[in-house]
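Chain by chain, the residues:
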Amino acid sequence: MKNSRLTPDLCIVGAGSAGLAIAAGAQQMGADCVLVERGKMGGDCLNYGCVPSKALLAAGRAARLGAAARAFGVTYDPPRVDFQAVHDHVHGVIDAIKPMDSQERFEGLGVTVLRGEASFVGPREVRVGEHSVRARRFVLATGSTAAVPPIPGLAETPYLTNETIFDLSERPEHLIVIGAGAIGSELGQAFAHLGAKVSLIEMARVLPHEDEELGECVRQSLRADGVDLHEGVAVSAVAAKGGGIEVTLEADGGERRLQGSHLLVAAGRRPVLDGLGLEAAGIERRDGALVVDRRLRTTNRRVFAAGDVGGGPMFTHVAGYHAGIVIKNALFRIPAKADHSAVPRVTYTTPELAQVGLSEAQARERGGAIHVLRWPFAENDRAQAERNTHGLIKAITDKRGKVLGCGIAGEHAGELIQPWILAMQKGMKVGDMAQTIVPYPTLGEVSKRAAGSYYTPKLFSERTRRIVRLLARLG
Ligand SMILES: Cc1cc2nc3c(=O)[nH]c(=O)nc-3n(C[C@H](O)[C@H](O)[C@H](O)COP(=O)(O)OP(=O)(O)OC[C@H]3O[C@@H](n4cnc5c(N)ncnc54)[C@H](O)[C@@H]3O)c2cc1C
Ligand SMILES: NC(=O)c1ccc[n+]([C@@H]2O[C@H](COP(=O)([O-])OP(=O)(O)OC[C@H]3O[C@@H](n4cnc5c(N)ncnc54)[C@H](O)[C@@H]3O)[C@@H](O)[C@H]2O)c1
């Protein structure tokens, strides 16, 4: 497109999960949209995040099928991993999904797509190269990027992030990972399953943002997979050494040194705000983060922030949810507000860890009486039949049985959490879950059994027994 002055209804900066959902929705509802992208269409999720990480995890699971099959009396040869083929599989999956996020598809919908870097030059104008866009409303959907901790030597040492690790076409000999949050745990385990030596370094514990008991299930699996875990340690230095990487850890008053071939930094995320000319648009930040209200408006009322850039929960499904909020506000002037209280999250390790609503610790911190309802996978017949007994469901209710949250660590936890999301969203009571008829034998029975355990003390109490005996005497 030649130099232009565009005056659309909506200008969206960033063609990742949030920007694409807003552009597709708004344009098909009759708004004239301009979508600006400086990198790859599809953003992090398609190119450097959800899609390649889940594809890599799937390859890792395939590599460990042989080990899992031994329990059934079935043996395979030890797996041979062709890492170039793993790389090609990961990029093949990206290629298969790519057309949905492509410039051609969006132009086909009528969206004007500008490829370049967007920057505000005033409260109502964005510049993209030679193009000027004066829109009725704008959306910042510029996502997040790896936060790089200020570790001495790191800046001078070659390291990988989620933006480069999926380009590896040779298996790392020994991958050292800084951070055992979602990214470090998922990718650390995937590489371990694929036969790399993996050291996982975490200043707190594995998955520190998750319920401790559920996180422990993942921690045990990582250990069983041979991941070399270093928790509760500080990284005091990083250096390139002898063609590899040396990481120095401070632990128990002493120093520990790790030598590896590759280093992955997975130490958290930060919103992408650089170069956007926020000051020119009157968009304020506080402590480095955008100031955003519940309608997802920045301090410039014409500019919304959706997805990771807002600094809230950073997930593709949240980006999609934000798209609906922005469309309601910007197109229909409905004052819809974002509510993150029933946002689920899943870490796709083996076992998966899924959570919605409050964890036990969060519910206790909030105060008031709670019930913690547990059911181990070991007491589920399907889990026994399939030898997937490593797992636990924990549902939290208030004293009247209203569901406050649920967490599951176990096979298919990401699917099993779904009725609990509905329960949270609709303010349901645990009795609603307990009364459903669930097919036998399914893993889903863990939800019914955990819910049913709310009634166990009453159901099997001395009072119930007295009533039953009394009624029996009455004939
Ligand atoms: C390794 C990894 C695994 C993940 N796995 C999952 C998962 O399994 N499930 C899940 O729900 N979430 C997952 N996530 C999180 C998910 O990827 C993000 O929440 C999601 O991509 C956020 O979408 P977004 O639109 O806000 O940002 P992005 O997808 O990052 O898109 C932002 C876009 O804005 C562009 N941009 C930035 N600045 C400018 C500018 N000035 N001008 C023009 N364009 C600009 C960028 O190039 C980018 O394409 C994962 C993330 C990572 C890193
Ligand atoms: N399955 C999913 O949905 C999924 C998967 C991957 C990523 N994501 C998104 O990306 C985010 C995860 O990114 P992440 O894993 O980088 O961040 P995170 O915040 O989840 O984890 C980072 C970890 O690094 C640790 N850490 C930070 N600095 C350190 C240091 N100097 N030394 C040792 N440990 C250090 C932190 O204690 C923390 O546990 C998620 O919160 C989510 O928003 C989602």
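Residues numbered from 1 in each chain as written. Chains lettered and ligands numbered in written order. Predicted model: local features only at pLDDT ≥ 70, side-chain atom pairs only at ≥ 80, totals over all residues. Heavy atoms only, no water.

A. Layout of the packing of helix 3 (residues 50-63) against helix 5 (residues 83-97). Orientation of helix 3 relative to helix 5, taken along the N-to-C sense of each, is 135°, at an axis distance of 9 Å. What the angle tells us is that helix 3 and helix 5 run oblique. Crossing handedness for the pair helix 3 and helix 5: right-handed. In this structure, helix 3 contributes V51, P52, A55, L56 and A59 to the contact, and helix 5 contributes V86, H89, V90, V93, I94 and I97. Among the residues making up the contact of helix 3 with helix 5, the classes are represented as 10 nonpolar, 1 polar and no charged. (Axes fitted to C-alpha atoms, helices over the stretch in contact; angles between N-to-C directions. Helix = DSSP H or I, 4+ residues; strand = E, 2+ residues; numbered from the N terminus. Parallel < 35°, antiparallel > 145°, perpendicular 65-115°, else oblique. Left-handed = near helix turned anticlockwise from the far one by under 90°. Contact = heavy atoms within 4.5 Å. Nonpolar A, V, L, I, M, F, W, Y, C, P; charged D, E, K, R; others polar.)

B. Expanded view of the site of ligand 1. Close contacts around ligand 1 come from 37 residues, with A18, E37, K54, D308 and T316 the closest. For ligand 1, an oxygen atom lies 3.4 Å from a polar atom in the backbone of C45. Between ligand 1 and the protein, one listed contact pairs an oxygen atom with a backbone N or O atom of M314 at 3.4 Å. Elements represented by at least two residues in the shell around ligand 1 include exactly helix 1 (17-28), strand 3 (33-37), helix 2 (43-47), helix 3 and helix 9 (316-332). (Near = heavy atom within 4 Å. Polar contact = N/O pair within 3.5 Å; in protein donor to acceptor, adjacent residues only side chain to side chain.)

C. A look at the packing of aromatic side chains. All chains considered together, the criterion is met by 3 aromatic pairs. Pairing F83 with F191 gives two aromatic rings, centres 5.9 Å apart and planes at 25°, and the pair type is stacked. Of this pair, F83 sits in helix 5 while F191 sits in helix 7 (residues 182-193), and the two are 108 residues apart along the sequence. You can call F191 buried: its relative accessible area is 1%. Consider the rings of Y454 and Y455, whose centres lie 5.0 Å apart with planes at 85°: the pair is edge-to-face. (Phe/Tyr/Trp six-rings, centres within 6.5 Å; stacked < 30°, edge-to-face > 60°. Buried < 20%, exposed > 50% of the residue type's maximum accessible area, 1.4 Å probe, protein only.)

D. Seen up close, the pairing of strand 25 (residues 403-410). Of all 8 residues making up strand 25, 8 are buried, and the element is well covered by its neighbours. For strand 22 (residues 352-357) and strand 25, the ladder comprises 6 bridges, and the chain directions are antiparallel. The partner of E352 across the bridge, within strand 25, is G410. Taken together, the 6 bridges between strand 24 (residues 392-398) and strand 25 define a ladder with antiparallel strand orientation. Bridge pairing in strand 25 links I396 to G405. (Pairing = 2+ DSSP bridges.)

E. Fine view of the pattern of salt bridges. Evaluated as defined, the whole model comprises 25 salt bridges. Among the ionic pairs, E360 bridges to R374, the shortest N-O distance being 3.7 Å. Here the residue E360 occupies a position in helix 10 (residues 360-366), and R374 occupies one in strand 23 (residues 370-376), the gap between them amounting to 14 residues. Linking K394 and E360 is a salt bridge whose minimum nitrogen-to-oxygen distance equals 2.7 Å. Taken together, the positions of K394 in strand 24 and E360 in helix 10 put the pair 34 residues apart, joining distant regions of the chain. Here K394 and E360 have matching classes, each one buried. Through salt bridges with shared partners, a single ionic network connects D211, E213, E360, R364, R374 and K394. (Salt bridge = Lys/Arg side-chain N within 4 Å of Asp/Glu carboxyl O.)

F. How the structure looks around the site of ligand 2. Ligand 2 sits among 24 residues. The nearest are E186, E202, G268, M314 and V346. Measuring from an oxygen atom of ligand 2, one finds a backbone N or O atom of A266 at 3.4 Å. Contact between ligand 2 and V346: a nitrogen atom at 2.6 Å from a main-chain N or O atom of the residue. Contact with the protein chains covers 81% of the free accessible surface of ligand 2, which is 840 Å². Elements that contribute at least two residues to the shell around ligand 2 include exactly helix 7, strand 11 (197-202) and strand 21 (345-347). Taken together, the residues of the shell around ligand 2 break down into 15 nonpolar, 5 polar and 4 charged. (Areas by Shrake-Rupley, 256 points an atom, 1.4 Å probe, with all protein chains shown as cover.)

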